Protein chains: 2
Amino acid sequence: MKARVHVMLKNGVLDPQGEAVRHALGQLGFEGVEGVRQGKVIELDLAETDADKARETVTEMCEKLLANTVIESYAVEIA
Amino acid sequence: MKARVHVMLKNGVLDPQGEAVRHALGQLGFEGVEGVRQGKVIELDLAETDADKARETVTEMCEKLLANTVIESYAVEIA
């Protein structure tokens, strides 16, 4: 079973990587880019076959390791 | 208009970040994690209101800046 986790900085947390990308896009001539946020995506290949259990496990992984919940939010997708 | 880009290392390209996450999950007692790949997600806020044009522009951004197409693949979602 595959799982995908998105980890993004929370709104209000400064995102220097996103700002750098926005600036670089402007320099390359791309107009109308109003905001850029950069985050991580983590794709997991799990032995678990039950979707609910997989979601529970992956949520626990996020809380313990994958996201810093002080400044980051996460979203879990099970496919 | 919002766009989301996923940038992942291509299959066959070594992913040390993903390997580090897999190892750390094992150390934390999570079993049955068969593989981990880590990539980037970039969320763009665009002034463009036409979805097709937005997709075209974002694809060009990927080719020119957001992805290193030698070792990375990308996927564009327009929302």
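As recorded in an unreviewed UniProt entry, chain A goes by the name Phosphoribosylformylglycinamidine synthase subunit PurS, listed as coming from Roseovarius halotolerans. In its Subunit (unreviewed entry) section, the UniProt entry covering chain A states "Part of the FGAM synthase complex composed of 1 PurL, 1 PurQ and 2 PurS subunits." According to its UniProt record, chain A has this under Sequence similarities (unreviewed entry): "Belongs to the PurS family."

*Asks:* Is there a simple way to explain the overall build of chain A in this structure?
*Replies:* Broken down by element type, chain A carries 2 helices and 3 strands. If you list the helices and strands of chain A from N to C, you get β-α-β-α-β. Each principal axis of the C-alpha distribution contributes one length, and for chain A these read about 45 × 25 × 15 Å. For chain A, the proportion of its 79 residues judged to be buried stands at 37%. Excluding contacts between residues fewer than 6 apart, the proportion of contacts in chain A whose partners are at least 24 apart in sequence is 69%. Carbon and sulfur atoms make up 49% of the accessible area of chain A, which amounts to about 4500 Å² in all.

*Asks:* What's the story with the side chain of H6 of chain B in this structure? I'm lost.
*Replies:* Structurally, H6 of chain B is set in strand β1 (residues 2-9). Residue class for H6 of chain B comes out buried when judged on its relative accessible area of 4%. A polar atom in the side chain of H6 of chain B sits 2.6 Å from the side chain of H6 of chain A. The contact partners of H6 of chain B, leaving out residues within four places of it in the chain, are R4, H6 and V41 of chain A together with K40, V41, S73, Y74, A75 and E77 of chain B.

*Asks:* What's the story with the pairing of strand β2 (residues 33-46) of chain B in this structure? I'm lost.
*Replies:* Within a regular strand, the side chains alternate between the two sheet faces. Looking at chain direction, strand β2 (residues 33-46) of chain A and β2 of chain B are connected through 13 bridges and run antiparallel. Bridge pairing in β2 of chain B links V36 of chain A to L44 of chain B. Direction of pairing for β1 of chain B relative to β2 of chain B: antiparallel, over a ladder of 6 bridges. Note on β2 of chain B: the bridge partner recorded for V7 of chain B is K40 of chain B.

*Asks:* Even after reading the chapter, I still don't get the interface of chain B and chain A, so can you show me in this structure?
*Replies:* One widely used convention gives an interface's size as the accessible area the parts lose upon coming together. Taken together, the 30 residues of chain B in the interface contact 30 residues of chain A. Between chain B and chain A, roughly 2600 Å² of surface is buried when both sides are summed, and carbon and sulfur atoms account for 68% of that area. Viewed at the interface, chain A and chain B are joined by 0 salt bridges. For the side of chain B that touches chain A, the element with the most residues is β2 of chain B, which contributes 14 residues. By residue class, the composition of the side of chain B that touches chain A is 16 nonpolar, 6 polar and 8 charged.

*Asks:* Hey, could you run me through the environment of V7 of chain B in this one?
*Replies:* Residues and elements named next belong to chain B. With respect to the helices, strands and loops of the structure, V7 is situated in strand β1. For V7, a relative accessible area of 2% translates into the label buried. A C-alpha to C-alpha distance of 5.1 Å links V7 and K40, two positions 33 residues apart in sequence. The residues touching V7, leaving out its near neighbours within four places in the chain, are G39, K40, I42, L66, A67, E72, S73 and Y74.

*Asks:* Honestly, the pattern of salt bridges in this entry has me stumped. Any pointers?
*Replies:* Once the charged atoms of two side chains with opposite charge are near each other, the side chains can pair. Residue and element names in this part refer to chain A. In this structure the tally under the stated criterion is 8 salt bridges over all chains. D45 is paired through a salt bridge with K2; the nearest N and O atoms lie 3.4 Å apart. Remark: K2 occurs in strand β1 (residues 2-9) and D45 occurs in strand β2; sequence separation between them is 43 residues.

Analysis parameters
- Residues numbered from 1 in each chain as written.
- Chains lettered and ligands numbered in written order.
- Predicted model: local features only at pLDDT ≥ 70, side-chain atom pairs only at ≥ 80, totals over all residues.
- Heavy atoms only, no water.
- UniProt positions renumbered as here; feature names shortened; annotations may be inferred.
- Helix = DSSP H or I, 4+ residues; strand = E, 2+ residues; numbered from the N terminus.
- Buried < 20%, exposed > 50% of the residue type's maximum accessible area, 1.4 Å probe, protein only.
- Contact = heavy atoms within 4.5 Å.
- Areas by Shrake-Rupley, 256 points an atom, 1.4 Å probe, with all protein chains shown as cover.
- Polar contact = N/O pair within 3.5 Å; in protein donor to acceptor, adjacent residues only side chain to side chain.
- Pairing = 2+ DSSP bridges.
- Buried area = accessible area lost by both parts, 1.4 Å probe.
- Salt bridge = Lys/Arg side-chain N within 4 Å of Asp/Glu carboxyl O.
- Nonpolar A, V, L, I, M, F, W, Y, C, P; charged D, E, K, R; others polar.

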